[in-house]
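Overview (structure and organization)
As a plain string of letters, each chain reads:
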Protein chains: 2
Amino acid sequence: MEYTIKDVAKKANVSIATVSRIVNNQTGFSEKTKRKVLDVIEELGYQPNAVARGLINKRTHTIGVLFPKFSGMLVTEFLSGIEKAANEQGSSVIVCHTESNGEKTMKYLQLLNEKRIDGIIFTSEVLKDEYYQYIKKMKVPMVLLSTESYVYPVPYVKVNDRHAAYTATQYLIQKGHKKIAMISGNKDDIIAGKPRIDGYINAMTDNGLPVNDKYIINSKSFAFQDGVEGLEALMRQAPGVTAVFAASDEIAIGALSKAYQLGIKVPDDLSIIGYDNLSIAEMSAPPLTSVAQPLAEMGEMATKMLFEMMETGQSVESRIMPHQIIERNSV
Amino acid sequence: MEYTIKDVAKKANVSIATVSRIVNNQTGFSEKTKRKVLDVIEELGYQPNAVARGLINKRTHTIGVLFPKFSGMLVTEFLSGIEKAANEQGSSVIVCHTESNGEKTMKYLQLLNEKRIDGIIFTSEVLKDEYYQYIKKMKVPMVLLSTESYVYPVPYVKVNDRHAAYTATQYLIQKGHKKIAMISGNKDDIIAGKPRIDGYINAMTDNGLPVNDKYIINSKSFAFQDGVEGLEALMRQAPGVTAVFAASDEIAIGALSKAYQLGIKVPDDLSIIGYDNLSIAEMSAPPLTSVAQPLAEMGEMATKMLFEMMETGQSVESRIMPHQIIERNSV
DNA sequence: GATATTTACGTAAACGTTTACGTAAAAGAG
DNA sequence: CTCTTTTACGTAAACGTTTACGTAAATATC
């Protein structure tokens, strides 16, 4: 398998230029030599060296994807869509796990730059100035996935978090609930934290319902544990609530779990709606009603946008993806 | 950022060879020129082109990882360990989603070959002859993760499935259970299916307990739905069981969910033990007792082994990783 | 059948590195 | 101060491709 174009050329009695032309189906050769060369290629099992190609073409057919966390299941869903779209375009994807660490992120960007990847997908985290400047210098296209930048002109793919949260809250209101609480994630997270809280508040006020500070639990993150602690705190400080909007499915499942422990029946005594529609949502007891983001499609979309940018050399429009309430039995 | 070694050389008034030597910290230059060159590099923001390097060094510092499925959360855990170890070695990882599809897998192998990656990690699936032969021709090292080959001499990282299943069953027996059922995954899966069934059977017979065919439910896969259907079938055909060993956490959660629905109290009426210890195990109600595989460490180990093979050019010993019962409240 | 055009190639430079080899200068030995 | 060894470089080939340019042969034109 270590044959080169020269071996093929020699064996087929043609020049390497001709072999190259045939391999890349260009023009400038007869049907006869084409067949001869193809036969030799077949015989030797020749495979062009993408590294050499990359050197001269300045395209490596590889993109880099940066994830702050590898834990949640968001990652696989995104990756699944990204990988699919990239593969359709004949490209590979390199995954990078930044752990939300600035230094590590910069190291990765440097690595990706040295590898001369064709584009970058940056996910689920705010795009710091340092990152943006570096990527700009790299001169490769980038798209943001499940995040957006209020400062830099970088196209993104996202659902409208505020709107989705509004919809979720509205849904609970339509079901007749009035005392609706929220267990939010990190409220200082300007991408996934604040907007969801705002959406909740907007929906409440738009429907003439009071917004009570006691009804809003701010956690540090979007994890299971925050849900269990959140519900506990909620029951203490606002025992009258009949429904809660959780800022993530993990929080919702945590709340569900705590409710079970406290003997609170869901959905009879308390309704819970989640956010993300992860696969765990359908595995909980009772199955969790949740507002779904089309995660895989979002990954796919981001990748397609990235390729479009690579081809046209121009920026593209950001996309707001539709969210949707998946009704199960927790409301 | 598109400066080359030539630009640096010219600006520093040295030859490109000297720059190269300095960049790769070899010997053969004075302290003075080193500083000069380093200054120029800093000033220009020069970054060596890994593609050109790869061409000449025949090492791309990239490995490929093949996953049959992107759904479960096993993937992220594995990937997390793999990525960590690879990163420590200064390498990147390309992810491939084969969907257990032979054709797709071969396409991926071809792509990886063209990209001249340094090694392959093949996960969670049986290594077909076609794959093995191709990778052998590629002449890159490979290690199997969470799978093994009975036919080819390929090092692997795995837990001992039979033993782990034995341990799980034994655990139930120790807790006083006698009527123990199993909801297995696909019994034709010779890696993750059959061995777990065998382990269950061995533990039963070793403890003088009867093995009743009605107590073993064979599902098609290891998914949630198999668990809910499995428990339903089990309750119909063997209502007397007091404990069930599920061949995966997803199955266990499915069973848990069905039990809830049927009004069966866990663990009072029925004990359930899972397998994998995914993050969902701690999120279920009640939290699921499960036999844990050290997934991230397994990925890390596999990667380290791969690098060892790359460096020494020799094969390495396979590793059986320890499993462990994580006690929670479902037993 | 002579000329013009097209086709089918081959030659060689380029992509950005690393590295074997050569050589002049510096350092060390006596 | 001369001779040997070491150090600090520079030159050029190589890695495996693509592609601009050149040219001989084939085809078309009249």
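Throughout, a residue's number is its position along its own chain's written sequence, starting from 1. Working convention: letters from A go to chains and numbers from 1 go to ligands, in the order in which they are written. In view of the model being predicted, local features appear only for residues whose pLDDT reaches at least 70, and side-chain atom pairs are presented and counted only at 80 or more, with totals across whole chains, interfaces and linings using the full set of residues.

Before going further, it helps to examine the nonpolar core. Of all hydrophobic cores here, the largest spans 182 residues; its most connected members are Val244(A) and Val244(B). We call two residues in contact when their backbone-placed C-beta atoms lie within 7 Å. Among all residues touching Val244(A), those that are not within four sequence positions of it are Ile180(A), Ala181(A), Met182(A), Ile183(A), Leu234(A), Ala255(A), Leu270(A) and Ile272(A). By our criterion, buried Ala, Val, Leu, Ile, Met, Phe, Trp, Tyr and Cys residues that link up through C-beta atoms within 7 Å make up a nonpolar core. Counting other C-beta atoms within 10 Å of its own, a residue is labelled buried from 20 upward, exposed at 12 or fewer, and partly exposed in the gap between, with every C-beta atom placed from the backbone.

Turning our attention to the protein's contact with DNA strand D. By definition, a residue lies near a molecule or strand provided its backbone-derived C-beta atom is within 6 Å of it. Surveying the vicinity of DNA strand D reveals 28 residues, the closest of which are Ile5(A), Ser20(A), Ser15(B), Ala17(B) and Ser30(B). Comment: elements are numbered from the N terminus, with helices defined as DSSP H or I runs of at least four residues and strands as E runs of at least two. Sorting the residues of the surface near DNA strand D by element identifies α1 (5-12), α2 (16-23) and α4 (50-57) of chain A together with α2 (16-23) and α4 (50-57) of chain B as the ones contributing at least two each. Only Asp, Glu, Lys and Arg are considered charged in this grouping, and only Ala, Val, Leu, Ile, Met, Phe, Trp, Tyr, Cys and Pro are considered nonpolar; every other residue, Gly among them, is considered polar. Partitioned by chemical class, the residues of the surface near DNA strand D number 14 nonpolar, eleven polar and three charged.

For the rest of this paragraph, the subject is α2(A). Residue and element names in this part refer to chain A. When we look at burial in α2, the residues that qualify are Thr18, Val19 and Ile22. Along the axis of α2, the buried residues cluster in a sector spanning 100 degrees; they form a single face. Where α2 is buried, its residues touch α1 and α3 (31-44). An arc is given here, and it is the one of the directions from the helix axis to the C-beta atoms.

The subject of this paragraph is the interface of chain A and chain B. Counting residues at the interface gives 40 residues for chain A and 40 residues for chain B. Mapped onto the side of chain A that touches chain B, the elements with two or more residues apiece are α4, α5 (74-88), β2 (92-97), α6 (102-114), α7 (129-138), α11 (249-262) and α12 (279-283) of chain A. Within the side of chain A that touches chain B, the residues separate by chemical class into 22 nonpolar, twelve polar and six charged. A strand pair is defined by DSSP finding two or more bridges across the two strands. Bridge analysis of β2(A) against strand β2 (residues 92-97) of chain B gives three bridges, and the strand direction is antiparallel. Its bridge partner lying in β2(B), Ile94(A) is registered against Ile94(B).

Now for the environment of Glu103(B). Examined against the element boundaries, Glu103(B) turns out to sit in helix α6 (residues 102-114). Between the C-alpha atoms of Glu103(B) and Glu300(B), which are 197 residues apart in sequence, the distance is 28 Å.

Residue and element names in this part refer to chain B. Where burial is concerned, the two faces of strand β4 (residues 142-145) agree: the one with Met142 and Leu144 and the one with Val143 and Leu145 are both buried. As judged from the four bridges shared by strand β3 (residues 119-123) and β4, these two strands associate in the parallel manner. Each residue of the ladder has a partner; that of Ile120, found in β4, is Met142. Note that β4 and strand β5 (residues 156-159) share two bridges and pair parallel. Note on β5: the bridge partner recorded for Leu145 is Val157.

Moving on, we come to the sheet that holds strand β12 (residues 324-326) of chain B. Note on sheets: strands pair through backbone hydrogen bonds, and any given pair is parallel or antiparallel. Residues and elements named next belong to chain B. Here six strands make up an open sheet; going across it, the order is β7-β6-β8-β9-β10-β12 and the pairing mixed. Each edge of the sheet is formed by a strand with only one pairing partner; in this case those strands are β7 (216-218) and β12. In this sheet, adjacent strand axes meet at a mean angle of 20 degrees when their direction is disregarded. With four bridges connecting them, strand β9 (residues 271-276) and strand β10 (residues 289-292) associate as parallel partners. Looking at β10, one finds that Tyr275 is bridged to Val291. Orientation is described by lines fitted to C-alpha atoms, with helices fitted over the stretch in contact, and by angles between N-to-C directions that extend from 0 to 180 degrees. Contacts between helix α10 (residues 224-237) and the sheet are confined to β6 (180-184), β7 and β8 (243-246), with β6 contributing the most and set at about 145 degrees to the helix. Along the sheet face, helix α11 (residues 249-262) touches β6, β8, β9 and β10 and points at about 155 degrees away from the line of β9.

Moving on: the environment of Met182(B). Within the secondary structure, Met182(B) sits in strand β6. For Met182(B), a count of 28 C-beta atoms within 10 Å translates into the label buried.

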